[in-house]
Amino acid sequence: MNLLITRLVDAIDQHVIVSVTDAAGKITYVNNKFCDVSGFSCDDVIGKTHRILHSGFQDAQFYQKKWSILSDGSKWTGVLCNSKKNGDLYWVDSTVSPVVNDKGVIENFISIQSEITDLDKRKQSLIYKDPLIDHGCSEECLYPDSDSDAIFEAPDRVTVKNNSELEFVIENNFVESLVDAVPTIFLLLDNKKRIIRFNAYMEEVSGYTLIEVVGRLFTELLILADDHTQIIEKFDSVLKGESLSDMTDTLVRKDGGLRKIQWHSKRLHHSNRSDSYILLTGQDITKRLEAENTLHDTAVLYQTLIESTNNWMWETDLHGKYTYVSPNVEKVLGFTPQYIINKSIYSLMSDAEVIRMKPVFLNIFNKQGSVHKLERIVLDAMNHEVVLEISCVPFFDSYGNFSGYRGVDKDITKCKQALVEYQLAENVLAQTPEAVMITDSQLKIIRVNAAFTRTTGYSETEVKGRLPSILSSNRHDQSFYQAMWASLNAFGQWQGEIWNRRKDGDIYPEWLNINSVKNDDGMITHYAGIFSDISNQYNVRQKLHDLAYYDALTGLPNRELFQNRLHEAIKLASRNNDKLAIIFLDLDDFKNINDSLGHRSGDQLLKVVADNISNSVRSSDTVARLGGDEFTIILSDIKRFDDITILAEKIIKVMNEPVKMPDGNTLYISASIGISIYPDNGDDVESLLKNADTAMYRAKNAGKKAFKFYTPEMSIRFNERVQLESELRRAIDKGDLSIVYQPQIDGRTGKILGFEALARWYHVQRGWVSPVIFIPIAEETGLIGKIGEWVLKEACHQLKKWQDNYSHTLKMAVNISSYQIHDKDMVEKVLSIINTSDILQGSLELELTETSLMDNIDSTISTLAELSKHGVSIAIDDFGTGYSSLGYLKRFKIDKLKIDKLFINDITTDSNDAEIVKTIISMAHNLNMQVIAEGVETEAQLNYLINNGCNEVQGFYFCAPKSPSVISAMLMKNRHILPAER
């Protein structure tokens, strides 16, 4: 038991603080974790009391109550504030247990502690867990007759003696978990020999779980019937106080197997009852006994057969020099015994073999143990390699001194060569891609390879001894087999195509080659069949068809098959004078999912979407995936336009539902739908598809999550949008975009606090293009990433100039899109720009909309937290127009709320808007956030905001967005701005 506890303490050394004191309170043992946490070494604390750790945080009343509990023999649990060697404080959860001897006298105190690093947890522990609060005594009465602060008995002195340790073993879950980790049987019986507990290793050895055996008799369940009486007598002796060691018995496993166990047993008492228990610890010595028996039998066998074989015997001294060699060595190696005697055991080896074997022999001679079937290679008299198998044992003189080894060398060269050839044949058989079946002359299967199992589904065990007809598909008549056997009998071979049946009943074609195998007398001894599954040749055309016409990811028809079916549907509708509809569906913001979660998650989502759409339509309708996140539906035989609307609404609703992914994540997705009608919106495949696509884009521009029927006006708008997108790309490449800055002002003083950077586009023909027009296009096409990064870089460099020339307290607010916040390199890019521009830390503020925050929340939280850690402020733009969820305000690291202009416009005339603004300001301040109002255009608006505590304002009342040169002039004149200066 001492060794067990020592091992348990070692196993938990890195996780739990362990310390032990004697009854006088002097420390007798601490583990490594104690030293790591406290900073004291073992030498610093051994022999001292735990007062060396006292921090003064707990008073005398605390320690008096603690000692009162422990002196009664009870366990104490609580929280301690200790002092490290360097004076730092640390907190621990502590459990202290007294250990008493047979007379009930406390000998030691055992403590297990874990360090607390969470302040809230420490507070809660002190309030609710500590049993010592509000009890008092002087510190001098903590330990009677000693200066003790006893904690934990040393592991090397732990023995299970009495009720206290029985409770420690039975009731302490912590020790139970450690006992489960020990490769030693741990078993507890009551005085009726019934099983109470055992550990995980006993489960492994016996095959039983504790639930299966608890309460059952140990002898009847786990011991051979012939041994019952003997075991019961031994247990009765244990219950009388006798301890038994090295008791070896046979244990019966659950599966009937037998294991040899070497038991140690001891009687235990329970502290609160008069019951006695039997504690059994044991080692499974089955394998050791088997090895010993095998070695003994082998030695006897070798001794009997040695003279009738080519084996040779030898003896060495303790230095490894041959002192005796039997005459048989000459038959094996061609050397006489006299030639070998007095030579080293390495003398017959090549240099390379000496290098390989020398460490092995040195280890053998150092350990002086038996060696069984050790292989080495020597050179014979003709300088040929001979493989020898060594078995030897050490021998000793009359005084017990090691004298050398005696052994036998067996020539296994031919066996090794045969084994190599056999393994080669086995490898060829196992690795050949063709299935192989070998039968005897009576056609009973004796061997198959792995390819046979893969092809047929039958294992070798299932077919061994059976006839090949087990594979028959019944597709061939009697004449087929007659022709097969005629060829085998005449030529010893047959090959051809045959249909067979797999284990699962699947019928498949194979190409079979059968050969007869004859012995030297020309008699057929075996048949060997080699065959390959040629199902692929029959399936290749279907697979090519599927590859050409079906989407590999979703299994839906692809663009090619969709167009074919639409072409046929148009011809049928024309012939019958019917209408049909084309639904064009595109997922909203699908690119964000690919960018943030990866293409694997995107592919999984597309599969789910494909299933949802397919389940929403009729079986006669065609659902196809054109590519990416675009899906189309052909609705034939339309009787009412309402049917189209109903289906579109159904699909929109299905798309809006949360999607449970295979990995357990829940994604939110929506779709925009465009619809074109034959023949109203086109009479061919291309026009119907194009017009449905145009209507879909119209639905996206209208706010997404909606459907639109095609109208001719849409084509005009669509073409204009396409043209504008192309011109925007050119503007970005040519550097035609510019940035203006609108001051953000302290409303009470008129002081300029910072600026918001705003992108602008001047078009040569169109003039100024509103951000309301080109920003959505940039977001849809992904151009927003390039624009946003450019704006951030230019704004930071401009801020650096203003900080250097006018005021280092100036700040810059830059809008960040959803596309940017989900860029995996977002943090790296922002920090790189900050470092390159050399702006002051804390002077950059990023503005995000509520909607962009709610896309992929976990990733966004991580990104914002990392940015905040580097001094970047986060503001919510257009607050109140998106989710307006208090939940996300709590989860995200938000520094400022920007009240949208929508609420500011009417705060002086609309009481609802006024209350909303007032509430937002109050709520933000309660959450330690700043508030800025945008779109301030009148003095009345400004006064309302100031009176209700709004921190900052911006708007045309003070200043419209201006170019950098105008702002520079303004700053040069004065950092304060009045309404008259706008």
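One can find the structure itself at the top, above this paragraph.
None of these values were measured; they are calculated from a predicted model.

Caption draft 1: Up close: the overall build of the protein. Helix and strand content of the protein: 37 helices and 36 strands. The buried share of the protein, reckoned over its 982 residues, is 45%. Considering only residue pairs separated by 6 or more positions, the protein has 55% of its internal contacts joining residues 24 or more positions apart. Looking at the protein as shown, the accessible area adds up to about 50,100 Å², and 50% of this sits on carbon and sulfur atoms.

Caption draft 2: Fine view of the layout of surface pockets. In this model, the second largest pocket occupies a volume close to 460 Å³. What lines the second largest pocket is a set of 21 residues, and nearest its centre among them are M437, P468, S469, M484 and I514. Residues of the lining of the second largest pocket, tallied by class, amount to 15 nonpolar, five polar and one charged.

Caption draft 3: Region of interest: the pattern of salt bridges. In this structure the tally under the stated criterion is 37 salt bridges. The shortest N-O distance in the salt bridge between R406 and E315 comes to 2.7 Å. Note that R406 is positioned in strand β15 (residues 402-411) and E315 in strand β11 (residues 312-317), a separation of 91 residues in sequence. Residue class for R406 comes out partly exposed when judged on its relative accessible area of 42%. Ionic pairing is found between E375 and K416, a salt bridge with its closest N-O pair at 3.1 Å. Of this pair, E375 sits in strand β13 (residues 371-379) while K416 sits in helix α16 (residues 413-431), and the two are 41 residues apart along the sequence.

Caption draft 4: Seen up close, the sheet that holds strand β26 (residues 671-678). Ordered by their spatial adjacency, five strands build an open sheet running β22-β23-β21-β26-β27, and the pairing between neighbours is mixed. Edge strands, defined here as strands with exactly one partner in the open sheet, are β22 (622-627) and β27 (707-709). For this sheet the average axis-to-axis angle between neighbouring strands, irrespective of direction, equals 20°. Taken together, the three bridges between β26 and β27 define a ladder with parallel strand orientation. Directly across from G674, in β27, lies its bridge partner K708. Its contacts with the sheet put helix α21 (residues 559-576) on β21 (579-587), β22, β23 (630-638) and β26, and the angle it makes with β23 is roughly 20°. Along the sheet, helix α24 (residues 641-656) contacts β21, β23, β26 and β27; its crossing angle with β26, the most-contacted strand, is approximately 165°.

Caption draft 5: How the structure looks around the sheet that holds strand β7 (residues 195-198). Read from one edge of the open sheet, five strands run β7-β6-β10-β9-β8, paired in antiparallel fashion. Bordering the open sheet on either side are β7 and β8 (244-252), each of which pairs with just one other strand. Geometrically, the sheet is characterised by an average inter-axis angle of 30° between neighbouring strands, direction not taken into account. In the sheet, strand β6 (residues 185-190) pairs with strand β10 (residues 276-284) via six bridges, with the strands oriented antiparallel. Paired with F186 across the strands is T281, a residue of β10.

Caption draft 6: Main features of the nonpolar core. Counting 77 residues, the largest nonpolar core has L844, L846 and L945 as its most contacted members. Counting residues per element, this core draws most heavily on helix α28 (residues 783-805), at nine residues. Residues L556, L585, A610 and I651 belong to the second largest nonpolar core, which totals 33 residues.

Caption draft 7: Structural context of helix α23 (residues 599-614). The terminal C-alpha atoms of α23 lie 22 Å apart, and with 16 residues this matches the ideal 22 Å at 1.5 Å per residue to within 8%. Burial in α23 covers these residues: S601, G602, Q604, L605, L606, V609, A610 and I613.

Caption draft 8: Representation of the side chain of S83 in the model. Position of S83 among the secondary structure elements: in strand β3 (residues 76-83). Each residue touching S83, except ones within four places of it in the same chain, is listed here: F40, I52, L53, H54, S55, D88, L89 and Y90.

Caption draft 9: Representation of helix α22 (residues 590-597) within the structure. Along α22, the positions that sit buried rather than exposed are F590, N592, I593 and N594. Packing partners of the buried residues in α22 comprise β21, α23, β25 (666-667) and α29 (818-821). Two residues or fewer past α22, G598 is found with a positive phi of approximately 100°.

Caption draft 10: Geometry of the environment of L580. Along the chain, the position of L580 falls in strand β21. Look at L580 and you get buried, because its relative accessible area is 1%. For L580, the contacting residues outside a window of four places in its chain are L566, A569, I570, A573, L635, S636, I638, S676, I677 and Y678.

Caption draft 11: Up close: unusual backbone geometry. Across the junction of Y678 and P679, the peptide omega takes the value 0°, indicating a cis bond. Here P679 shows up in the loop between β26 and α25 (685-701). With phi around 60°, K373 is a residue other than glycine that occupies positive phi space. The backbone of D637 sits at a positive phi, close to 55°, despite the residue not being glycine. In this fold, D637 is placed in strand β23.

Caption draft 12: Region of interest: the packing of aromatic side chains. On inspection of all chains with the given rule, the structure shows 23 aromatic pairs. When the centroid spacing of 6.2 Å and the interplanar angle of 80° are considered together, the rings of F707 and F709 count as edge-to-face. A relative accessible area of 28% means that F709 is categorised as partly exposed. Here Y741 and W802 contribute two aromatic rings whose centre-to-centre distance is 5.2 Å and whose plane-to-plane angle is 80°, an arrangement assigned as edge-to-face. Of this pair, Y741 sits in strand β28 (residues 737-745) while W802 sits in helix α28, placing them 61 residues apart in sequence.

Caption draft 13: The arrangement of the pairing of β23 in detail. Where β21 meets β23, seven bridges bridge the pair, whose relative direction is antiparallel. Bridge assignment links I582 to a residue of β23, and that residue is I634. Relative to β23, β22 runs antiparallel, the two sharing five bridges. Counted as the bridge partner of G627 is E630 from β23. Counted between consecutive antiparallel strands, the loop separating β22 from β23 contains two residues, among which G628 sits at a positive phi close to 55°.

Caption draft 14: Quick peek at the packing of helix α30 (residues 826-837) against helix α32 (residues 857-869). Following both chains from N to C, one finds α30 and α32 inclined at 20°, their axes separated by 10 Å at the closest point. Relative to α32, the element α30 lies roughly parallel. The crossing of α30 and α32 is right-handed. Facing M826, V827 and V830 of α30, the residues of α32 in contact are T863, E866 and L867. Split into classes, the residues belonging to the contact of α30 with α32 amount to four nonpolar, one polar and one charged.

Caption draft 15: A look at the environment of V623. Mapped onto the elements of the fold, V623 is located in strand β22. V623 sits 40 residues away from I583 along the chain, and the two C-alpha atoms are 9.3 Å apart. Setting aside anything within four residues of it in sequence, one finds V623 in contact with L556, P557, I613, S614, V617, T632 and I633.

Caption draft 16: Region of the structure containing the pairing of strand β20 (residues 524-533). When strand β16 (residues 435-440) meets β20, the two strands line up antiparallel, connected through six bridges. For M437, the partnering residue across the bridge sits in β20 and is G529. Here strand β19 (residues 507-518) pairs with β20 via nine bridges, running antiparallel. Each bridged residue has a counterpart across the sheet, and for K518 the counterpart in β20 is I524. Linking β19 back to β20 in an antiparallel pair, the connection comprises five residues, with G522 at a positive phi of about 80°.

Caption draft 17: Representation of the environment of S614. Mapped onto the secondary structure, S614 falls in helix α23. Residue S614 is classed as partly exposed on the basis of its relative accessible area of 30%. In this structure the C-alpha to C-alpha distance between S614 and I651, which are 37 residues apart in sequence, comes to 9.9 Å. If we skip the residues at most four places from it in the chain, S614 touches L556 and V623. Within the local environment of S614, its side chain forms a polar contact with the backbone oxygen of A610, the two atoms lying 2.9 Å apart.

Criteria and thresholds
Residues numbered from 1 in each chain as written. Predicted model: local features only at pLDDT ≥ 70, side-chain atom pairs only at ≥ 80, totals over all residues. Heavy atoms only, no water. Helix = DSSP H or I, 4+ residues; strand = E, 2+ residues; numbered from the N terminus. Buried < 20%, exposed > 50% of the residue type's maximum accessible area, 1.4 Å probe, protein only. Contact = heavy atoms within 4.5 Å. Areas by Shrake-Rupley, 256 points an atom, 1.4 Å probe, with all protein chains shown as cover. 1 Å grid on protein atoms, 1.4 Å probe; cavity = no way out; pocket = protein on both sides within 12 Å on 5 of 7 lines; lining within 4 Å. Points joined across faces, edges and corners; volume = space filled by probe spheres on them. Nonpolar A, V, L, I, M, F, W, Y, C, P; charged D, E, K, R; others polar. Salt bridge = Lys/Arg side-chain N within 4 Å of Asp/Glu carboxyl O. Pairing = 2+ DSSP bridges. Axes fitted to C-alpha atoms, helices over the stretch in contact; angles between N-to-C directions. Core = buried A, V, L, I, M, F, W, Y, C linked by side-chain atoms within 4.5 Å. Expected span 1.5 Å × (residues − 1). Phe/Tyr/Trp six-rings, centres within 6.5 Å; stacked < 30°, edge-to-face > 60°. Parallel < 35°, antiparallel > 145°, perpendicular 65-115°, else oblique. Left-handed = near helix turned anticlockwise from the far one by under 90°. Polar contact = N/O pair within 3.5 Å; in protein donor to acceptor, adjacent residues only side chain to side chain.

What is shown is where atoms sit, not what they do.
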